[in-house]
Each structure stands twice: as C-alpha cells, then as structure tokens.
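Descriptive analysis of the structure
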Amino acid sequence: MKRTALVLVILALVTLPYWIGGSYYINIASQILIWAIFALGLNVLVGYGGLVSLGHAGLFGVAGYAAAWLVAAGASQLAAGVGALALTLLTSALFAVLALRATGIGFLMITLALGQILWGIAYRWISLTNGDNGINLSARPMPLGWSLAKPGAFYIATLVVFGLAVAAMARFAASPLGTSLRGSRDQPRRMTALGYDVWLIRFLAFVFSGFWTGIAGLLFCYYNQFVSPHLLALSSSAEVLLMVISGGSGTLLGPVVGAALVVVMKTVASGYIERWNLVLGAIFVAIIVLMPEGLVPGSWRLWHQAWHRRGPSAAEVSR
Amino acid sequence: MSQWVVIAVNSVSLGGLLFLLSAGFSLIFGLMRIPNLTHGSLFMLGAYVGVTGLRLGLDFWSASLLSGFAMAAFGGLIERFLLRRLQGQELPQVLLTLGLSFMIADLCLMGWTGDPISVNTPATLRGLVPVLGFVFPIYRLAIVLIAVLTAAALWAMLDWTRLGAMIRAGVDDAPMARVMGIPVSRLFTAVFSLGAGLAGFAGVLGAPILSVYPGLDADMLPLALIVVILGGTGSLLGALVGSFVIGMLYNFGPALFPELAYVVLFLPMLLVLVLRPQGLFGRRAP
C-alpha cells in the first residue's frame with residue numbers, strides 16, 4: 001500500500017504541469033521544490049544533528065551569487081555552477097569549523113553572526129556584489145541542450161534534482177554517518193566514549209547540509225535569474241528554519257510539507273489574506289506550543305491516538 | 001576634524017540607546033538562557049505605541065514612560081502564558097520568540113502603516129550646547145545621561161536589593177537557586193517584563209533619532225545580540241561596554257570602510273564567540 005501511494009505521488013508530481021492549470025501555479029510548485037531542497041539540507045543539521053543554524057541563508061546566497069557573478073564575468077554555465085558549488089562547500093567548511101566550537105544556543109548565535117557577515121558583504125560590498133541592486137543572470141543554463149526557459153521544463157528539471165535530494169537524504173539518514181550523527185545529537189558523550197569523533201561527524205554533516213543548501217541556492221538563482229541581498233537576510237534563514245520545524249525536523253517528509261506550507265502561504269494565500277505574515281507567525285507559535293514535534297509527526301501521533309483509542313499506544317506502554 | 005566629532009557623538013548616543021535595549025536582553029539571556037528574538041520587536045512596538053501616545057497629546061516623557069510600562073506588561077504576558085509553557089526547552093523558546101517577532105512586525109504594519117514616522121525632539125531638549133569649542137545636540141547628550149542613570153539604577157538594584165540578589169543567584173545557577181527556595185519562575189517573568197519595558201522605553205527615546213519604520217526591529221535586534229555576545233550574557237558591565245563599542249563600530253565602520261561596514265560590525269562578535277565564548281565580561285557557564 002505504501003508503495004502504491006509513493007508511485008501515485010511521483011506520478012502526480014511528474015504530470016503536475018498538465019493538470020495544475022497555468023504557469024503561475026507551475027512556478028509556485030517549482031518554488032516549493034527549491035525551498036524543500038533547502039529545508040531538507042538544513043534538516044540534516046537541525047533534525048539529525050540537533051544543531052540549529054540561523055545562518056544557512058548565507059550559504060544559500062553564496063551559491064546564487066557565485067553563479068550569477070561567474071556567468072556575468074564570462075564563465076560558461078557549467079563552470080559557473082561547479083565553481084559556485086565548490087565555493088559553497090568551502091564556505092560551509094569554514095562555517096562548520098567556526099560554529100562547531102559550540103552547540104545549542106552558542107551554535108545558533110555563531111551561525112547567525114556568520115550569516116549576517118555574508119549578508120553584509122552582499123549588501124554593502126557594492127563593487128563586488130552590486131549592493132542592493134543585485135546581479136542579473138542573463139539566461140538559465142541548458143543542461144544537455146535542453147532549454148529550461150519555460151516554466152514546465154524548469155519545473156521538471158527542479159523535480160529531478162528534488163528527487164535526487166530526497167534519495168540522498170534517505171540514503172544519508174540510513175547510512176552509518178547519519179546514524180552516528182543522530183547518536184551525537186542524543187548522546188554526544190557516549191558517542192565519544194565509544195570512539196566516535198563527534199566533531200568530525202558534525203563537520204561532515206554540516207558540509208553535506210551546505211552542499212544541498214548550495215544546490216537549492218543555485219536553483220533559486222536560475223529560477224529568478226536574479227540574486228539580491230534579500231536572499232541572505234536573517235528572515236530567509238528564519239523562514240527555512242520555520243519550514244523544517246513546522247513540518248517536523250528529523251523526518252524526510254516534514255521539511256517538504258513545511259516548505260509547501262510556507263511557500264503557499266507566501267504566494268497563494270497572500271493574495272486572499274492580507275496579513276499572511278501574521279498568520280504565518282501565528283501558525284509557527286501554535287505549532288511550537290501545541291505540536292512541538294512538527295506537523296507531520298504530530299498529525300501522525302494524533303491519527304495513531306485516534307486509531308488506537310481502545311488500547312494503550314506503544315509509546316504509553318514503553319513509558 | 002569636526003566630522004569625526006559628530007560621528008563620535010552619534011556613536012555615544014547610539015551606545016546609550018543600545019544599552020537601554022540590551023541591558024534587559026542581557027539579563028533575560030543570562031537568567032533564562034535564551035536570546036529573546038522579540039526584543040527588537042518590543043523596541044519597535046514601544047516606539048509605535050509612543051507615537052500614538054504623542055498623537056493623543058501626551059508630552060514626550062509621559063509617552064515614553066507609558067510605552068515602557070505597556071511593553072513591560074506585554075512582555076510579562078508573553079513570558080507567563082507562552083514561554084512558561086516551554087520552560088526548560090530552550091530551542092522551542094527561542095523559536096517561539098522568532099514567531100512572535102513575525103507577528104508583532106505585521107501587527108505594527110497593520111496598525112501604523114508602512115510609512116516611516118518621524119518624531120520631534122522634545123521641545124526642552126532641542127538645540128545645541130557648546131562644549132570645548134564644539135557644539136553638541138542636547139538631546140543626544142540627554143540620551144547618554146539617561147542610559148548612564150539607568151545603568152546606575154540597575155546596578156544598585158542588582159547589587160543591593162533582595163530582588164537583585166535573587167536574580168544574580170538565578171543567573172549563576174538557576175536549578176540550585178530553585179532548590180534554595182527562590183521563585184525562579186516568577187523571577188523569569190519579572191526580568192522578562194523589565195527587559196521588555198526598557199526596550200519599549202528605548203524605542204520611544206530613539207524615535208527622534210532613528211524615526212519609526214517597519215524593519216526597525218530587524219535593524220535593532222542584531223545590534224542587541226552583538227552587544228550581549230561581546231559583553232557577556234547576564235553582565236551589566238558587559239552590556240554597557242559592549243553598547244558603546246558597538247555604537248562606535250556602527251558609526252565609524254561605514255565612515256572608514258563603507259563597503260565592509262557590516263563585516264566590521266560582526267567580526268568582533270565572531271572573534272569573541274570563537275576565542276572567548278562567555279564574552280568579555282561574562283563568566284563561564286557552570
């Protein structure tokens with residue numbers, strides 16, 4: 001049954017441009033997928049590593065800016081993309097070395113400071129980044145000669161990358177590295193005592209997270225064909241963190257649901273509800289107070305409780 | 001030459017404003033171990049409430065005090081009814097304050113529109129005073145004076161009163177203080193309320209200089225954050241020194257390195273975080 005559902009979901013996603021009606025909605029779907037990749041990347045740290053970063057928009061922006069800048073400087077799209085990813089990986093490694101001197105709130109603050117520095121560079125170092133005016137990207141890349149100019153084509157390309165991201169996340173979560181990362185989240189001392197290098201595990205997780213953040217940043221740059229300092233602002237970091245936490249951190253589906261929720265609120269609902277930011281904030285507060293584990297695991301729990309009303313649930317027995 | 005003096009005066013007055021904002025932030029951080037991400041929003045909301053007070057015909061000082069009390073009450077409610085539910089879970093608490101800051105920003109936009117509002121300097125403090133051959137705007141000097149007086153009052157409160165002793169005990173070791181019979185939860189509410197009140201008061205006080213606009217919260221919060229990290233959490237002296245250092249960096253940075261202004265602002269904080277995580281005047285966490 002689970003397999004049938006999966007096949008149906010994939011089928012629905014692939015055929016989405018044909019049934020959703022209009023390029024406006026196709027573009028929103030592309031945005032959801034891009035933010036979902038970003039949220040999945042952050043989820044590696046927040047969900048599996050227990051390390052809450054408020055500076056990931058910096059990495060997201062580095063990828064976008066580097067690609068736009070390299071293309072503007074005359075590099076080919078391929079070279080620019082590879083160069084941008086390499087720079088993002090390097091920045092992630094640097095972020096990791098600095099931020100991993102702390103955990104918990106300290107980690108959050110260091111990443112916030114690092115993100116603000118990158119934002120400051122994008123905003124103020126005008127000779128390099130063109131400041132508030134941002135940089136235009138002349139055209140979307142053409143992988144294997146396939147034009148991505150149309151919304152439908154771009155959506156399919158994004159969907160392919162999204163599929164790869166989900167597969168990579170599932171593989172990562174089940175891998176020895178993912179398992180030991182969860183171990184280092186729950187019991188860092190025991191992991192150290194068992195001979196694991198907790199710092200190295202976290203470092204690798206940070207770089208892996210940075211890689212997918214960079215991929216999302218690249219896609220976002222291709223999507224808008226424009227980068228601006230707004231990309232790196234604290235509000236971007238907060239928004240993506242909101243996606244991860246509202247959907248359910250440490251799950252595969254949670255960040256995707258969270259991304260869909262936030263993007264839909266931002267684009268679609270803002271047309272009907274004038275105060276969408278207020279509603280978004282209220283949803284966020286309600287989720288944290290009422291369903292701290294996030295929408296996906298929270299709904300799962302409620303559903304289970306309703307289903308097994310008669311007998312005690314497994315969680316209650318083990319307690 | 002005189003250009004630098006002007007920048008120096010602006011630095012010191014911004015430092016005073018930052019102290020009023022970050023003293024409460026620092027105490028909240030020290031006691032509750034959370035960076036209160038609504039602090040910038042309380043500053044902005046306080047400023048807007050002050051604007052409304054002025055429009056209703058209040059004079060500047062009544063408006064600022066009233067706004068301070070209103071924010072204190074509001075902060076107390078947030079702590080008592082939202083943060084209290086998540087006691088001991090620091091990350092959800094931080095995220096809750098983040099969500100609240102979204103909501104407050106939008107409510108301000110709804111209530112006071114998106115146009116920047118400029119506030120007149122109170123009539124008694126307009127004009128300039130000549131000191132040592134330079135002229136200084138009186139209002140900016142008054143802000144510094146108010147900040148220093150507030151610092152002294154907070155100091156006296158923390159060092160000489162019973163409440164202050166309880167707060168210090170809570171900052172040093174909250175679980176142990178609780179065991180000793182100190183009502184730490186009520187202390188949380190009191191300190192949060194105090195910090196919120198100071199932030200609202202500072203918002204009105206800063207309005208003639210900064211004016212009031214959407215996004216003021218996002219401009220002030222990072223500054224308070226840097227001040228507290230630089231100075232050390234829970235340390236009043238740290239907040240005072242940090243405020244003036246950041247006031248300087250904020251004004252001299254763009255003048256000296258226009259392109260790297262924000263790097264100049266955030267780099268010291270980063271260095272402190274990496275090299276001396278407890279801050280310049282903070283004590284190492286137990």
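Residues numbered from 1 in each chain as written. Chains lettered and ligands numbered in written order. Predicted model: local features only at pLDDT ≥ 70, side-chain atom pairs only at ≥ 80, totals over all residues.

Now for the overall build of chain A. In terms of helices and strands, chain A carries 16 helices and 2 strands. Dimensions of chain A, computed from C-alpha atoms along their principal axes, come out at roughly 65 × 50 × 40 Å. At a minimum sequence separation of 6, the contacts of chain A that also span at least 24 residues come to 74%. (Helix = DSSP H or I, 4+ residues; strand = E, 2+ residues; numbered from the N terminus. Contact = placed C-beta atoms within 7 Å.)

The secondary structure content of chain B amounts to 11 helices and 2 strands. Along chain B, helices and strands appear, N-terminal first, in the series α-α-α-α-β-β-α-α-α-α-α-α-α. Expected size for 286 residues packed as a compact globule is a radius of gyration near 19 Å; at 18 Å, chain B falls within 12% of this value. Referenced to the eigenvectors of the C-alpha coordinate spread, the extents of chain B come out at roughly 60 × 45 × 35 Å. With 286 residues in all, chain B has 51% of them scored as buried. Of all intrachain contacts in chain B linking residues separated by at least 6 positions in sequence, the fraction that spans at least 24 positions is 76%. (Rg over C-alpha atoms; globule rule 2.2 N^0.38 Å. Buried ≥ 20, exposed ≤ 12 C-beta atoms within 10 Å, placed from the backbone.)

Our focus in this paragraph is the environment of B:Gly206. As for its position among the elements, B:Gly206 is in helix H8 (residues 184–210). If near-sequence neighbours (up to four positions away) are discounted, B:Gly206 is found in contact with B:Leu17 and B:Ala47.

With respect to the secondary-structure elements, B:Gln3 resides in helix H1 (residues 2–32). C-alpha separation for the pair B:Gln3 and B:Ala255, spaced 252 residues apart in sequence, amounts to 9.9 Å.

Okay, helix H13 (residues 253–272) of chain A next. Residues and elements named next belong to chain A. With 20 residues, H13 should reach 28 Å at 1.5 Å per residue; the first-to-last C-alpha distance of 27 Å fits that figure. Met265 marks where H13 bends most, by close to 40 degrees. Of all the positions in H13, only Gly254, Pro255, Val256, Val257, Gly258, Ala259, Ala260, Leu261, Val262 and Val263 are classed as buried. Buried residues in H13 make contact with helix H3 (23–48), helix H12 (234–247), helix H14 (276–290) and helix H15 (295–307). (Expected span 1.5 Å × (residues − 1). Bend = angle between axes of the 7 residues up to and from the residue.)

Turning next to the confidence of the model for chain A. The predicted coordinates of low-pLDDT regions are not to be read in fine detail. All names here are of chain A. Looking at chain A, the pLDDT average stands at 86 and 96% of residues meet or exceed 70. No element of chain A has a lower mean pLDDT than helix H16 (residues 314–318), at 46, and none a higher one than helix H11 (residues 198–224), at 94. In this model residues 313–319 is a low-confidence stretch, pLDDT under 50, and it forms 4 contacts with partners more than four residues away in sequence or in other chains. (pLDDT = per-residue confidence, 0-100.)

A few words on the packing of helix H4 (residues 56–72) of chain A against helix H6 (residues 104–124) of chain A. The packing of two helices is summarised by the inter-axis angle and the distance between the axes. All names here are of chain A. One way to put it is that H4 packs onto H6 with a least axis distance of 8 Å and a crossing angle of 35 degrees. Here the hand of the crossing between H4 and H6 comes out left-handed. Where H4 abuts H6, its residues Ala57, Gly58, Gly61, Val62 and Tyr65 lie against Leu114, Gly115, Leu118, Trp119 and Ala122. Looking at the contact of H4 with H6 residue by residue, the class counts come to 7 nonpolar, 3 polar and no charged. (Axes fitted to C-alpha atoms, helices over the stretch in contact; angles between N-to-C directions. Left-handed = near helix turned anticlockwise from the far one by under 90°. Nonpolar A, V, L, I, M, F, W, Y, C, P; charged D, E, K, R; others polar.)

What follows deals with unusual backbone geometry. Residues and elements named next belong to chain B. A positive phi angle, near 65 degrees, is found at Arg33, a position not held by glycine. Structurally, Arg33 can be placed in the loop between H1 and helix H2 (39–55). Positive phi is not limited to glycine here, since Thr113 has a value of about 55 degrees. Checked against the element boundaries, Thr113 lands in the loop between helix H4 (90–112) and strand E1 (128–131). Given 10 C-beta atoms within 10 Å, Thr113 falls into the exposed group.

What follows concerns the interface of chain B and chain A. Taken residue by residue, the interface counts 33 residues in chain B and 36 residues in chain A. Elements with a minimum of two residues in the side of chain B that touches chain A: H4, helix H9 (216–231) and helix H11 (261–275) of chain B. In terms of residue count, H4(B) provides more of the side of chain B that touches chain A than any other element does, 15 residues in total. Residue classes in the side of chain B that touches chain A are distributed as 27 nonpolar, 1 polar and 5 charged.

Okay, the environment of B:Leu260 next. As for its position among the elements, B:Leu260 is in the loop between helix H10 (236–256) and H11. Its 17 C-beta neighbours within 10 Å are what place B:Leu260 among the partly exposed residues. Beyond its immediate chain neighbours, meaning those up to four positions away, B:Leu260 contacts A:Arg124 and A:Trp125.

Moving on: the packing of helix H5 (residues 138–160) of chain B against helix H6 (residues 162–172) of chain B. All names here are of chain B. Across the interface, H5 lies against H6 with an axial gap of 5 Å and an inter-helix angle of 80 degrees. Of the possible angle classes, the one that applies to H5 and H6 is roughly perpendicular. Side by side, H5 and H6 meet where Met157, Leu158, Asp159 and Trp160 of the first sit next to Leu163, Gly164, Ile167 and Arg168 of the second. Residue composition of the contact of H5 with H6, by class: 5 nonpolar, 1 polar and 2 charged. (Parallel < 35°, antiparallel > 145°, perpendicular 65-115°, else oblique.)

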